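# Secondary and tertiary structure notes
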Amino acid sequence: MPLRARTLHPWGLSPHEARVLQERLAPHVIREGRLERVRRVAGVDVGFEERGRLTRAAVAVLAWPTLEPVARAVARCPTAFPYVPGLLSFREIPAVLQALEALEGPDPDLILCDGQGLAHPRRFGLACHLGLLLDRPTVGVAKTRLVGTHEEPGPRRGDWTPLRDGGEIIGAVVRTREGVRPLYVSIGHRVSLPTAVRWTLACLTRYRLPEPIRAAHRLASGPPPRLGPGA
DNA sequence: GCGACAG
DNA sequence: ATCTTGTCGC
């Protein structure tokens, strides 16, 4: 059955109302969870298309552990919320939900999101917001830092250092490939930080980004998908 | 006041 | 996110 979001709140909010809502919802994020019997891992990519002022979301579902794509969907919506650092989910999640609800086949057991999770000023990044709406395990995987301080992780794939803010560990700075900038991994919902880091690393191939997110990003902005012999 | 600031 | 310029690896 299709992934469906709970209606926890309305979407036509002002930036101020959005901040207040984040503070109300953040305590509901579950910061633990181990994941057993993972069969499918989804990646979510979000972005803005200046031409047409559209918010774009792409989702790819990959089988575990083969990482073969089994489902994909793209959605574009007229952008209805400004880009404000810390409020990205209010701009992007409507398109993400539209794409998720169009997916065919069995639901993913884990969703890797393009953006922060707990590594957010109010501990409620896009991955937390999406995880709470769906009540499913999510992980935030961001290419650059939003908040927090950290030391540079070691040079080898899998090396990581804690990301700290306000006296707590809010994420991990993970070297996913030698010679490239690290990624910022944080809890989204229903996973522990070690689980979030483990699955980010488990989904790596030879690239900087975990394969489900790469597949999603490629879907909307890369070359057209090559259909396999079974399609 | 000045810089920082997911996508 | 997007754009531009310069450098490096395959």
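Relevant structure appears above.
Here goes a summary of the coordinates provided. As the structure is a computational prediction, the values presented were derived from the model and not from experiment.

A few words now on the sheet that holds strand S2 (residues 54–63). A sheet is described by the order of its strands in space; here 8 strands give the open sequence S3-S2-S1-S4-S5-S8-S7-S6, paired in mixed fashion. Of all the strands in the sheet, the pair left with one neighbour each is strand S3 (69–78) and strand S6 (160–165). Taking each pair of neighbouring strands and ignoring which way they run, the sheet shows an average axis angle of 25°. Judged from the 6 bridges that link them, S6 and strand S7 (residues 168–174) form a sheet pairing that is antiparallel. Residue pairing for S7: Asp-165 is matched across the bridge by Glu-168. Against the sheet, helix H2 (residues 88–101) touches strand S1 (40–49), S2 and S3, its axis set at about 45° to S2.

To continue, consider the pattern of salt bridges. As enumerated under the stated definition, the model contains 15 salt bridges in all. Between Arg-76 and Glu-49 there is a salt bridge, and its shortest N-O distance comes to 2.3 Å. One end of the pair, Arg-76, is in strand S3; the other, Glu-49, is in strand S1, with 27 residues separating them in the sequence. Arg-76 sits in the partly exposed class, given a relative accessible area of 38%. Bridged by salt links that share partners, the residues Arg-31, Arg-123, Asp-165 and Glu-168 form one connected network.

In this section: the side chain of Arg-175. Tracing the sequence through the fold places Arg-175 in the loop between S7 and strand S8 (183–189). Judged by relative accessible area, Arg-175 falls into the buried class, the value being 9%. There is a polar contact of 2.8 Å between the side chain of Arg-175 and the backbone oxygen of Val-180. In contact with Arg-175, not counting residues within four places along its chain, are Glu-152, Pro-153, Gly-154, Pro-155, Arg-156, Arg-157, Gly-158, Asp-159, Val-180, Arg-181, Pro-182 and Leu-201.

This brings us to the packing of aromatic side chains. By the definition in use, this model includes 3 aromatic pairs. For the ring pair Trp-11 and Phe-90, a centre distance of 6.1 Å and an interplane angle of 65° mean the geometry is edge-to-face. A residue pair is termed long-range when its members are at least 10 positions apart, and Trp-11 in the segment before helix H1 (15–25) and Phe-90 in helix H2 qualify at 79 residues. Note on Trp-11: relative accessible area 29%, which makes it partly exposed. Chaining the aromatic ring pairs together yields one cluster made of Trp-11, Phe-81 and Phe-90.

Within the fold, His-129 resides in helix H3 (residues 126–134). Take His-129: its relative accessible area is 1%, and that puts it in the buried class. Along the primary structure His-129 and Leu-54 are separated by 75 residues, whereas in three dimensions their C-alpha atoms are 21 Å apart. If we skip the residues at most four places from it in the chain, His-129 touches His-9, Trp-11, Ser-89, Phe-90, Ile-93 and Phe-124.

The next point concerns the pairing of S7. Within S7, 5 of the 7 residues are buried, which leaves the element mostly enclosed by the surrounding structure. Looking at chain direction, S7 and S8 are connected through 3 bridges and run antiparallel. The partner of Ala-172 across the bridge, within S8, is Val-185.

Cis geometry marks the peptide bond from Trp-64 to Pro-65; its omega dihedral reads 5°. Position of Pro-65 among the secondary structure elements: in the loop between S2 and S3. If you check the backbone angles, Leu-35 has positive phi at about 65° while not being a glycine. Here Leu-35 is to be found in the loop between H1 and S1.

To continue, consider the side chain of His-189. In this fold, His-189 is placed in strand S8. Take His-189: its relative accessible area is 1%, and that puts it in the buried class. Among the polar contacts listed, one links the side chain of His-189 to the backbone nitrogen of Ile-30, at a separation of 3.1 Å. Those residues in contact with His-189 that sit more than four places away from it in its chain are His-28, Val-29, Ile-30, Gly-131, Leu-132, Asp-135, Arg-136, Pro-137 and Thr-138.

Reading guide: rules and limits
For every chain, the first residue of its written sequence is number 1, and the numbers climb from 1 along that sequence. Just so you know, chain letters begin at A and ligand numbers begin at 1, following the order they were written in. With the structure being a predicted model, the display of local features is reserved for residues of pLDDT at least 70 and the display and counting of side-chain atom pairs for 80 or more, all residues being used for whole-chain, interface and lining totals. The basis for every side-chain value is the complete set of non-hydrogen atoms in the structure, without hydrogens or water. Only strands that DSSP links by at least two bridges are regarded as paired with each other. In this description a helix means any DSSP run of H or I spanning at least four residues, a strand means any run of E spanning at least two, and both kinds are numbered starting from the N terminus. To define axes, lines are fitted to C-alpha atoms, for helices over the stretch in contact only, and angles between the resulting N-to-C directions are given on a 0 to 180 degree scale. The contact criterion used is simple: two residues touch if any of their non-hydrogen atoms lie within 4.5 Å. The term salt bridge refers to a side-chain nitrogen of Lys or Arg lying within 4 Å of a carboxyl oxygen of Asp or Glu. Categorising residues by exposure relies on relative accessible area from a 1.4 Å probe, with only protein chains included: less than 20% of the type maximum marks a residue as buried, more than 50% marks it as exposed, and the intermediate range marks it as partly exposed. A 3.5 Å cut-off defines polar contacts: any pair of N or O atoms within that distance qualifies, except that in protein one atom must be a possible hydrogen donor and the other a possible acceptor, and neighbouring residues in sequence count only when both atoms are side-chain atoms. When two rings of Phe, Tyr or Trp (its six-membered ring) have centres within 6.5 Å they constitute a pair, described as stacked for plane angles under 30 degrees, edge-to-face for angles over 60, and tilted for the intermediate range.

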